[in-house]
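The primary structure of each chain is shown beneath.
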Amino acid sequence: MSTMPQLPERSPRATGGPSALDGLLVVDFTRVVAGPACTQTLADFGARVIKIENPDGGDDTRAYEHAEIGGESAAYLSLNRNKHGIALDFSVLEAREIARDLIRKADVVVENFSSGIMKKFGLDYEAVAPLNPRLVYCSISAYGRKGPFASRPGFDPITQAESGFMSLNGFADGPPVRTGPPIVDIATGMSACNAILLALLARDRLGRGQHVEVALFDIAMAMTSFYGMAYLINGQNPGRFGNSPNGSPAVGVYDASDGPLYMACANDRLYRRLVVEVLNRPDLINDPQFATRKARSENRELLRAAIAEVFASDTLENWISKMKLANIPVGYLRTVEEGFNAPEARKRDRLSRISHPTAQWVPNIETPITMNLTAAIDPVAAPLLGEHTEGVLRETLGYDQRRISELSEKGAFGASKRVTSV
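Report on the accompanying structure. Predicted, not measured: the structure shown is a model, and the values here were computed from it. (Residues numbered from 1 in each chain as written. Predicted model: local features only at pLDDT ≥ 70, side-chain atom pairs only at ≥ 80, totals over all residues. Heavy atoms only, no water.)

### What about the sheet that holds strand β10 (residues 259–263)?
Taken together, the three strands give an open sheet; going across it, the order is β9-β10-β11, and neighbouring strands pair in antiparallel fashion. Where the open sheet ends on each side, the last strands, each with one partner, are β9 (252–256) and β11 (330–332). Neighbour-to-neighbour, the strand axes of this sheet turn through a mean angle of 35 degrees, independent of strand direction. One ladder, built from three bridges, connects β10 with β11; its direction is antiparallel. In the strand pairing of β11, Leu-261 is matched with Tyr-332. (Pairing = 2+ DSSP bridges. Helix = DSSP H or I, 4+ residues; strand = E, 2+ residues; numbered from the N terminus. Axes fitted to C-alpha atoms, helices over the stretch in contact; angles between N-to-C directions.)

Below, the structure written as structure tokens:
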């Protein structure tokens, strides 16, 4: 039976310290992964992010089944930290007017609906740009807003498959394999965040906002990286190389007598250190079959078998110590449990727990970005569905209680639902 990991309370940031995006108002129409990943980064560094959800179930990730705590899913909690959550039913005219009022005040809008959805509700860039000429409006989609697939919905693994990215993952004698985590979604969220920040910098110079767009398919294609570039140069379709990239036969997973390690010994200097100083096999550099990178690639299976035989003769800790002494890149091949409990994670304060209204506390994985002057704000758990509706309407839009009650009666916040105070 598994046990929940022990997590420390999070230490608060220095009081009074500035945040990078303080004062920035973001209206967030996103759901699932790519969009929420983008807006969470903005929220982590001080932007006021107002996440708008459908009152009938909210963000799809609320129902994901990886794990749940306090009625909230691991997926939702991992992508919506530091946001203010409101619930609006866009089938109701008054709810769409609330969204337009928020957009009038916003610096940034982010949406990741399929093509035509925002236009249907009168919330697309062309409709709202006249309300707010300084608005930066970011659209995230599977295939972009032009081209034959513009109206087609899509998801991370589909774009991994269709871009060629998936064809590079796996072993040569097996089928293509998608990545475990939704890497294209996450990279798309990062790129969308970059695009927004670039547009905000441009706004400072030009005095006006703009429409920016990021598509999962485009990101997946860009992530083929030098493999894609090699194809464009030589016309040869790259294959799958498992854990040992083509041209680097000494790179990959090896088994010590008591466990696996991953070694990245990719150039002649490191390879010489490995076989001479660590493995005590100078023949693996003196033998013409292994003397050059090209020769080693041509005889990769023979070389890997020789290296594997030596590694199997001693323990993991002894090999790790020897390789670190020789300054050869090497690491333990860990499970998630082992990685999250490793000293690299714990001593660098990568994990903590933060308070939550229904679970008492929830786990927190710190933002991977460190800034010494404008550090990330203290994390607040992802909001309950509609948790901040009344507070946002009061504080951001200046609505009084009478107006809020009227909107509630008209169903703007969902059928038979009352708004929730802050």
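More follows now that the structure is in view.
### Notes on helix α18 (residues 401–409)
Among the residues making up α18, those that are buried are Ile-404, Leu-407 and Ser-408. Looking straight down α18, one finds that the buried residues subtend no more than 100 degrees of arc, so they occupy a single side. Among the exposed residues of α18, those oriented more than 90 degrees off its buried face are Arg-402 and Glu-409. Taken together, the buried residues of α18 touch α3 (93–105) and α17 (389–395). The first or second residue beyond α18 is Gly-411, which carries a positive phi of 90 degrees. (Buried < 20%, exposed > 50% of the residue type's maximum accessible area, 1.4 Å probe, protein only. Arc of directions from axis to C-beta. Contact = heavy atoms within 4.5 Å.)

### A closer look at the sheet that holds strand β7 (residues 136–141)
Hydrogen bonds along the backbone pair up the strands of a sheet, which may run parallel or antiparallel. Taken together, the six strands give an open sheet; going across it, the order is β5-β2-β1-β6-β7-β8, and neighbouring strands pair in parallel fashion. Lying at the two open borders of the sheet, with one neighbouring strand each, are β5 (83–87) and β8 (211–215). Across the sheet, the mean angle separating the axes of adjacent strands is 20 degrees when strand polarity is ignored. Pairing of strand β1 (residues 25–29) with strand β6 (residues 108–111) involves four bridges; the strand directions are parallel.

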